[in-house]
Amino acid sequence: NSTMVLSYGSLSVPAIAVKAGANASFGTAVLGSNGSVNVATTYVGTGDVIFLTDQTPGGTLGDIEIGGIRNASGFTIQSTSVTDTSTVGWLIIRPV
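Starting afresh in each chain, residues are numbered from 1 along the sequence in its written order. Reporting of local features is limited, given that this is a predicted model, to residues whose pLDDT is at least 70; pairs of side-chain atoms are given and counted only at 80 or more, and all residues count toward the totals for whole chains, interfaces and linings. The side-chain quantities take in all heavy atoms of the structure and omit both hydrogens and water.

## Focus on the confidence of the model for the protein chain
Then step 1. On average, residues of the protein chain carry a pLDDT of 88, and 84% of them reach 70 or more.
Then step 2. pLDDT measures how confident the predictor is about each residue, on a scale from 0 to 100. Only runs of H or I of at least four residues qualify as helices and only runs of E of at least two qualify as strands under DSSP, and these elements are numbered from the N terminus. Ranking the elements of the protein chain by mean pLDDT puts strand S1 (residues 6-8) last with 55 and strand S7 (residues 74-79) first with 98.

## Examining the side chain of Asp48
Then step 1. Mapping Asp48 onto the fold places it in the loop between strand S4 (36-40) and strand S5 (49-56).
Then step 2. Polar contacts involving the side chain of Asp48 include one to the side chain of Arg94, which spans 2.8 Å.
Then step 3. Ignoring anything within four residues of it in the chain, the contact list for Asp48 reads Tyr43, Ile69, Ile92, Ile93, Arg94 and Pro95. Polar contacts, as counted here, are pairs of nitrogen or oxygen atoms within 3.5 Å of one another; within protein the pair requires one atom able to donate a hydrogen and one able to accept it, and residues that are adjacent in sequence qualify only if both atoms are side-chain atoms. What makes two residues a contact is simply this: any of their non-hydrogen atoms within 4.5 Å.

## As for the side chain of Asp84
Then step 1. With respect to the helices and strands, Asp84 occurs in the loop between S7 and strand S8 (87-93).
Then step 2. There is no salt bridge for the buried Asp84, and the closest opposite charge comes from Arg70, which lies 18 Å off by N-O distance.
Then step 3. From its side chain, Asp84 meets the backbone nitrogen of Gly62 in a polar contact 3.1 Å long.
Then step 4. Here the side chain of Asp84 touches Ser79 through a polar contact of 2.9 Å, side chain to side chain.
Then step 5. Here Asp84 is in contact with Leu31, Gly32, Gly35, Gly58, Thr60, Leu61, Gly62, Ile64 and Ser79, once residues within four sequence places are set aside. Classification of residues uses two cut-offs on accessible area relative to the type maximum, computed with a 1.4 Å probe and protein chains only: under 20% is buried, over 50% is exposed, and between them is partly exposed. When charges are counted, Lys and Arg are positive and Asp and Glu negative, with His and the chain ends excluded. Between Lys or Arg on one side and Asp or Glu on the other, a salt bridge is scored when a side-chain nitrogen of the former is within 4 Å of a carboxyl oxygen of the latter.

## Notes on the nonpolar core
Then step 1. Formed by 13 residues in total, the largest nonpolar core has its most connected members in Val39, Phe75, Ile77, Trp90 and Ile92.
Then step 2. Contributions of two or more residues to this core are made by S4, S7 and S8.
Then step 3. By residue number, the principal contributor to this core is S8, which donates three residues.
Then step 4. Sequence-distant contacts of Ile92, that is, excluding residues within four places in its chain, are made with Ala24, Ser25, Thr41, Tyr43, Val44, Asp48, Val49, Ile50 and Phe75. Buried Ala, Val, Leu, Ile, Met, Phe, Trp, Tyr and Cys residues that are joined via side-chain atoms within 4.5 Å together make up what is termed a nonpolar core.

## Thoughts on the packing of aromatic side chains
Then step 1. Two rings from Phe, Tyr or Trp (for Trp, the six-membered ring) form a pair when their centres sit within 6.5 Å of each other. Planes less than 30 degrees apart are called stacked, planes more than 60 degrees apart edge-to-face, and all others tilted. Following the criterion strictly, the structure yields one aromatic pair and no others.
Then step 2. Summarising the aromatic geometry, the rings of Phe75 and Trp90 are spaced 5.1 Å apart at their centres and angled 75° between planes, so their arrangement reads as edge-to-face. Here Phe75, found in strand S7, pairs with Trp90, found in strand S8; they are 15 residues apart in sequence, far enough to count as distant.

## Comments concerning the environment of Ile93
Then step 1. Relative to the assigned elements, Ile93 resides in strand S8.
Then step 2. According to the relative accessible area criterion, Ile93 is partly exposed, its value standing at 37%.
Then step 3. Measuring from C-alpha to C-alpha, the distance between Ile93 and Gly47 comes to 9.4 Å, with 46 residues separating the pair along the chain.

## Describing the sheet that holds S7
Think of a sheet as strands paired side by side through backbone hydrogen bonds, with each pair either parallel or antiparallel.
Then step 1. Should DSSP find at least two bridges between two strands, the strands are regarded as paired. Within the open sheet, the three strands sit side by side as S4-S7-S6. Their pairing is antiparallel. Looking at strand neighbours, the two that pair on one side only are S4 and strand S6 (64-70), the edges of this open sheet. Strand-to-strand twist across the sheet, computed as the mean angle between neighbouring axes with direction ignored, equals 20°.
Then step 2. Bridge count between S4 and S7: five bridges; the pairing is antiparallel. Note that in S7 the partner of Ser36 across the bridge is Gln78. Helix axes are fitted only over the stretch in contact, all axes being lines through C-alpha atoms; the angle between N-to-C directions runs from 0 to 180 degrees.

Next up, the structure:
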């Protein structure tokens, strides 16, 4: 078992583990013709924080945001531009 240490200023994280599969805690999704996409993952909970990043810009870019979280089912990513067809990276963080 190897340990990776990530450091930034005074923050040091000994390891990061992310879930893949039907209960994924990270991934990418492509915004559809209406500038939004539903992401299916049983991992997500209503109190989670979801970070988004524009991986591959497409169409007319807008601001990306979470449109809603469906507990243990998924969430919606939406853009302020209905013609945004970007690929968006997402990462779920669960507060403890």
